[in-house]
Amino acid sequence: MDTPLAAEICAMHKSFPGHWGKGGVYAVKGVSLSIPEGSVYGLIGPNGSGKSTVMKALVGLLAPDAGECRVFGKPARQADNRSLVGFLPENPYFYKFLTGEETVRFYGKLCGLRGRELKDRTEELLETTGLTDAAKRRVGGYSKGMLQRLGLAQALVQQPRLLVLDEPTAGVDPIGSRAIRDIIMELRQRGLTVFLCSHLLEQVQEVCDRVGILYQGNMIAEGTVAELTNDRAHTEVLLHGAGPDLLDKIRTLAGEAWVEARPARNSLESVFIRGIRAKMREMEEKKGLR
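Notes on the structure in this doc start here.

Definitions and limits used
Residues numbered from 1 in each chain as written. Predicted model: local features only at pLDDT ≥ 70, side-chain atom pairs only at ≥ 80, totals over all residues. Heavy atoms only, no water. Pairing = 2+ DSSP bridges. Helix = DSSP H or I, 4+ residues; strand = E, 2+ residues; numbered from the N terminus. Axes fitted to C-alpha atoms, helices over the stretch in contact; angles between N-to-C directions. Contact = heavy atoms within 4.5 Å. Buried < 20%, exposed > 50% of the residue type's maximum accessible area, 1.4 Å probe, protein only. Polar contact = N/O pair within 3.5 Å; in protein donor to acceptor, adjacent residues only side chain to side chain. Salt bridge = Lys/Arg side-chain N within 4 Å of Asp/Glu carboxyl O. Phe/Tyr/Trp six-rings, centres within 6.5 Å; stacked < 30°, edge-to-face > 60°. Lys NZ or Arg CZ within 6 Å of the ring centre and 35° of its normal.

### Remarks on the sheet that holds strand 9 (residues 210-215)
The six strands are arranged 6-7-8-3-9-10 in an open sheet whose pairing can be described as mixed. Edge strands, defined here as strands with exactly one partner in the open sheet, are strand 6 (85-88) and strand 10 (218-224). Going across the sheet, the axis of each strand differs from the next one's by a mean of 15°, ignoring polarity. Note: strand 3 (residues 40-44) against strand 9, four bridges, orientation parallel. Considered in strand 9, the bridge of Leu43 is made with Gly212. Packed on one face of the sheet, helix 4 (residues 144-156) meets strand 6 and strand 7 (162-166) and runs near 160° to strand 6.

Right, here's the structure in full:
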């Protein structure tokens, strides 16, 4: 049985007029994609490729020139779809004089929450996004990463079934970026559908089930991460603790197919995160000895 679709875009076209009616821009050209429920779909491409246009059409902020966008089987611009979709734009704006807690409560009230339900939902979201300790701080003092996590909280406040994230880690340091990706993976485990766009390819590869590659408004490739990254011309063999003798035997057996043997490498990001966490543990241990 096929998995139900959370969202579907069929042959979407979208153009924007230029200044004084001249030099119009064709932002999206016949893009189609499907997002199964409970999955994480990543849309990647360079700046100006049409990613944000696709996302805005899916959340009902833009009307396609041709084609259609559907959310849980209904037209994306249909009013009763709004409660099913949470949206985090690339640069969310919040009132700087409010605290994090007040901000989440504000958006909760806009979504119709009141009383104990609003209080419990606010506390839950602050905990989910790792902002409990900063709940009483004014948003004007938040870092970029904290603002993005606050944006995630507001996008989740009405308990949507589909979460749409436009560049959720843009301008965020590696620690904050990792925190946001951990939240996305946790949401996937809860069964929430996530549609995100990014130009940070490693991050997309880590969290997404399916990926679409957009270039100059065209979908040039689409599929699972495994399908897109599979290199049929090469084969990798992963060994643990292999000594020189074993490597010599494998080299002899491989013959002309042998290319090279080199140490496995971690990503620079993983080295950075591991080093920071080790230093934090060390500092905590020193505090405990005082």
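Alright, that's what it looks like, and here's the rest.
### Some remarks on the sheet that holds strand 5 (residues 74-75)
Read across the open sheet, the four strands follow the order 2-1-4-5; overall the sheet is antiparallel. The open sheet terminates on both sides in strands that have one partner only, identified here as strand 2 (25-36) and strand 5. Where strand 4 (residues 66-71) and strand 5 come together, two bridges link them in antiparallel fashion. What sits directly across from Val71, in strand 5, is Lys74. Against the sheet, helix 1 (residues 51-58) contacts strand 1 (5-16), strand 2 and strand 4, and its axis sits at roughly 120° relative to strand 1.

### A closer look at the pairing of strand 3
The buried count for strand 3 comes to five of five residues, which makes it a mostly enclosed element. Residues of strand 3 alternate between two faces, with Val40, Gly42 and Ile44 on one and Tyr41 and Leu43 on the opposite face, all of them buried. Inspection of the sheet shows strand 3 paired to strand 8 (residues 193-198) by five bridges, in the parallel sense. Paired with Leu43 across the strands is Cys197, a residue of strand 8.

### Comments concerning the environment of Lys51
Tracing the chain through its elements places Lys51 in helix 1. By relative accessible area, which is 5% here, Lys51 ends up buried. When the C-alpha positions of Lys51 and Leu238 are compared, they lie 36 Å apart, and in sequence the two are 187 residues distant. A polar contact of 3.2 Å, which involves the side chain of Lys51, links it to the backbone oxygen of Pro46.

### Concerning the pattern of salt bridges
Pairing is possible between side chains that carry opposite charge, provided their charged atoms lie close to one another. Using the criterion set out here, one finds 13 salt bridges in the structure. The residue Glu186 makes a salt bridge to Arg190 at a minimum N-O spacing of 2.6 Å. Overall, Arg190 belongs to the partly exposed group, its relative accessible area being 48%.

### Considering the packing of aromatic side chains
Under the counting rule described, the total for this entry stands at six aromatic pairs. Centroid distance Tyr41 to Phe195: 5.7 Å. Interplanar angle 70°. Geometry classified as edge-to-face. With Tyr41 in strand 3 and Phe195 in strand 8, this pair connects stretches of sequence that are 154 residues apart. Pair check on accessibility: Tyr41 and Phe195 agree, each one buried. Within the aromatic cluster, the residues linked to one another by ring pairs are Tyr93, Phe94, Tyr95, Phe97, Phe106 and Tyr107. Its end group placed over the ring of Phe72, Arg161 keeps NZ or CZ at 3.8 Å from the ring centre.

### A look at unusual backbone geometry
The residue Ala11 is not glycine, and still its phi comes out positive at about 45°. Along the chain, Ala11 falls in strand 1. Non-glycine residue Phe72 carries a positive phi angle of around 50°. Within the secondary structure, Phe72 sits in the loop between strand 4 and strand 5.

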